[in-house]
Amino acid sequence: MTCGRETITETGQESRRNVTINPPHLVSRSEALISETIFRFIPLERVIYLLPIVLFFISLFFGRYMMDPVETFRILVIGSANTFFDWTSTLLSTLSGHQVLLPSFEQTWGVSEQTVVFRIRLPRVIAAMLVGGGLSLAGASFQGLFRNPLVSPDILGVAAGAGFGAALGILVSGNPWVIQVSAFVFGIVAVAVTYGIGRVYHNSSTLILVLAGIIVGSLFSALLSLAKYVADPYDTLPAIVFWLMGSLSSVSNTDIIAVAPPILLGSLCLYLIRWRINLLSVGEEEAQALGLDTKRMTVVLIVASTIITASAVCISGIIGWVGLVVPHIGRMLVGPDFRKLIPVSAILGASFLLVVDDIARTLTATEIPLGILTALVGAPFFAYLLTQKKVGWA
């Protein structure tokens, strides 16, 4: 009987083992294999790269004037093709000396729909991607250069200089081109003065650059306050205040043509030297021991990031928190390696500002300035990162 009880007990144990232990083990293993297979063929970086493409098309038909997605896509493709054929016909006619007509597609939409897509939403969407991606890219580069996760693109005074330049342009002329050129020029001047102050000290320490940036930023902030003090309170002052809060409502195709080349060239420069930022982020002495010319690389990073930031600010105004928060999100997704962090920061920044701009132009009857929304989103999120102790480099 003892043997019988032992046999029954062993049989019961085997049946309980098959029921309670084996099935969960098999299910968790299959789930792990499925997830591993998915991320093997679709890495996280590729999913991130698809995000701005999806948001780009959503932003074109999303707004106060809702449009059919299929019709919007047809307007974008067929309208672009017809415009290309028209330009080609004009060019061939000029070169050949007689009129050349190329075939074109039939348009089944009205003039208002085409105007909304090509003259209002398309420039605004492209501007949001350029500004958001550029600011995030510059912020990530400056964080690596100064080895500080709390650094933003305006650390060297470019935002304060651009703000004063825009206010001066509004006071003098009020022409949009004058305002943008003045903002760009004074943004560059502010960083040049900052670097000049740093060159006075022969050690060229990054700490000296940060302190010089604080000095120059305070100086141009005082000049900006003076410009607002002497401005007409009923006409000029509201324009200055609105520009400082940041907006893409007045962006045109001409603005995109003007600022896209410097932003793209500066971004390409930072992308090509992104692996060297890894060396700068470990320390100046260590980077020099590894054979890196730190002075030259610092100048290249500052010039490229300043050109990107000044070009973005001159058409959008001052939009904060993008260059500070977005690189941390990228660091949480792909790690601290700048070879991956630089492109991912640009992609996330473009996507982030696209979403914020869609909210700004659809949430209320009057458009909300972008600087307000980015602060409302960025400040709580950054506070959350502080509580989770995820602000470091790891």
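Above this text you will find the structure in question.
On a predicted model such as this, the values are computed, not experimentally measured, just so you know.

Q: Explain the overall build of the chain here, please?
A: Scanning the chain from terminus to terminus reveals 16 helices and 0 strands. Residues counted as buried form 43% of the 394 residues belonging to the chain. Sequence-distant contacts, at least 24 apart, represent 75% of the contacts inside the chain between residues at least 6 apart.

Q: Just to check I follow, could you spell out the packing of helix H10 (residues 253-272) against helix H11 (residues 274-281) for this structure?
A: Any two packed helices are characterised by how steeply their axes cross, that is the angle between the axes, and by the distance between the axes. In the contact formed by H10 and H11, the axes pass within 4 Å of each other and the chain directions differ by 65°. Between H10, through Leu270, Tyr271 and Leu272, and H11, the contact on the second element is made entirely by Arg274, Trp275 and Arg276. Split into classes, the residues belonging to the contact of H10 with H11 amount to 4 nonpolar, no polar and 2 charged.

Q: What should I look at first to understand unusual backbone geometry in this one?
A: The phi angle of most residues is negative, glycine excepted, and most peptide bonds adopt the trans form. Not every positive phi belongs to a glycine, and arginine 147 is a case in point at roughly 55°. As for its position among the elements, arginine 147 is in the loop between helix H5 (111-146) and helix H6 (158-172). The phi torsion at tryptophan 321 lies on the positive side, around 75°, for a residue other than glycine. Within the secondary structure, tryptophan 321 sits in the loop between helix H13 (294-316) and helix H14 (322-334).

Q: Even after reading the chapter, I still don't get a nonpolar patch on the surface, so can you show me in this structure?
A: There is a patch of nonpolar side chains on the surface, built from Leu50, Ile53, Phe57, Phe73 and Val77 and spanning about 460 Å² of accessible area. Broken down by secondary-structure element, the contributors of at least two residues to the nonpolar patch are helix H3 (44-61) and helix H4 (69-96). A per-element tally of the nonpolar patch places H3 first, with 3 residues. Within the secondary structure, leucine 50 sits in helix H3. Looking at leucine 50, the relative accessible area reads 52%, which means it is exposed.

Q: Even after reading the chapter, I still don't get the pattern of salt bridges, so can you show me in this structure?
A: Under the definition given, this model contains 6 salt bridges. The closest approach of N and O atoms between arginine 124 and aspartate 357, which form a salt bridge, is 2.9 Å. Pair noted here: arginine 124 is in helix H5 and aspartate 357 is in helix H15 (residues 338-362), with a separation of 233 residues, a long-range link. Comparing arginine 124 with aspartate 357 shows no difference in burial state: the two are buried. For aspartate 337, the salt bridge is made with arginine 339, and the minimal N-O distance between the two is 2.8 Å. For arginine 339, a relative accessible area of 47% gives the class partly exposed. When salt bridges that share partners are traced, they join Arg124, Asp357, Asp358, Arg361 and Glu367 into one network.

Q: Any chance you could explain the packing of aromatic side chains here in plain terms?
A: The final tally for this structure, using the stated rule, is 8 aromatic pairs. On the numbers, 5.2 Å between centres and 85° between planes, the contact of phenylalanine 56 with phenylalanine 57 is edge-to-face. Judged by its relative accessible area of 17%, phenylalanine 56 falls in the buried class. Judged by centre distance (5.2 Å) and plane angle (85°), the rings of phenylalanine 164 and phenylalanine 186 are edge-to-face. Taken together, the residues phenylalanine 164 in helix H6 and phenylalanine 186 in helix H7 (residues 176-200) connect sequence positions 22 residues apart. Judged by relative accessible area, phenylalanine 164 falls into the buried class, the value being 12%. The structure contains a cluster of three or more aromatic residues connected by ring pairs, namely Phe56, Phe57 and Phe73. Stacked on the ring of tyrosine 271, the Lys or Arg arginine 274 has its end atom at 4.0 Å from the ring centre.

Q: Mind showing me how you'd approach the nonpolar core here?
A: Across soluble globular proteins, nonpolar side chains have a tendency to be buried as a group. Phe142, Phe146, Leu156 and Trp243 are the most contacted members of the largest nonpolar core, which totals 83 residues. Looking at this core, the element that brings in the most residues is H5, giving 15 residues. Leaving out residues up to four positions away in the same chain, phenylalanine 142 has contacts with Arg147, Val151, Ser152, Pro153, Ile155, Leu156, Ile302 and Ser305.

Q: Sorry if this is basic, but what is going on with the environment of glycine 174 here?
A: Positionally, glycine 174 belongs in the loop between H6 and H7. The exposure class of glycine 174 is partly exposed, given its relative accessible area of 39%. Considering only alpha carbons, one finds glycine 174 and isoleucine 240, 66 residues apart in sequence, at a separation of 10.0 Å.

Scoring rules and cut-offs
- For every chain, the first residue of the written sequence is number 1, and numbering continues from 1 onward in sequence order.
- Local features in this predicted model are restricted to residues of pLDDT 70 or higher, and side-chain atom pairs are both shown and tallied only at a pLDDT of 80 or more, whereas totals for entire chains, interfaces and linings draw on every residue.
- Side-chain metrics rest on all non-hydrogen atoms present in the structure, leaving aside hydrogens and water.
- Each helix is a run of H or I in the DSSP string that is no shorter than four residues. Each strand is a run of E no shorter than two, and both are numbered from the N terminus.
- Relative accessibility thresholds used throughout: buried, under 20% of the residue-type maximum; exposed, over 50%; partly exposed, between the two (1.4 Å probe, protein chains only).
- Throughout, a contact is declared for two residues whenever any of their heavy atoms are within 4.5 Å.
- Where helices are involved, their axes are fitted lines through C-alpha atoms of the stretch in contact, as for all axes, and angles between N-to-C directions lie from 0 to 180°.
- Under the scheme applied, nonpolar residues are Ala, Val, Leu, Ile, Met, Phe, Trp, Tyr, Cys and Pro; charged residues are Asp, Glu, Lys and Arg; polar residues are all the others, including Gly.
- Excluding any residue in a salt bridge, patches collect residues exceeding 30% relative accessible area, merging like charges within 9 Å and nonpolar Val, Leu, Ile, Met, Phe, Trp and Tyr side chains within 5 Å.
- We get accessible surface area from the Shrake-Rupley algorithm with a probe of 1.4 Å; when it comes to residues, only the shown protein chains can shield them.
- The rule for a salt bridge is simple: a side-chain nitrogen of Lys or Arg has to be within 4 Å of a carboxyl oxygen of Asp or Glu.
- Stacked, tilted and edge-to-face pairs are distinguished by plane angle, under 30 degrees for stacked and over 60 for edge-to-face with tilted covering the rest, among Phe, Tyr and Trp rings (Trp via its six-membered ring) whose centres lie within 6.5 Å.
- Our definition puts a charge over a ring when NZ of Lys or CZ of Arg is within 6 Å of the ring centre and also within 35 degrees of the ring normal.
- Put simply, buried Ala, Val, Leu, Ile, Met, Phe, Trp, Tyr and Cys residues joined by side-chain atoms within 4.5 Å make one nonpolar core.

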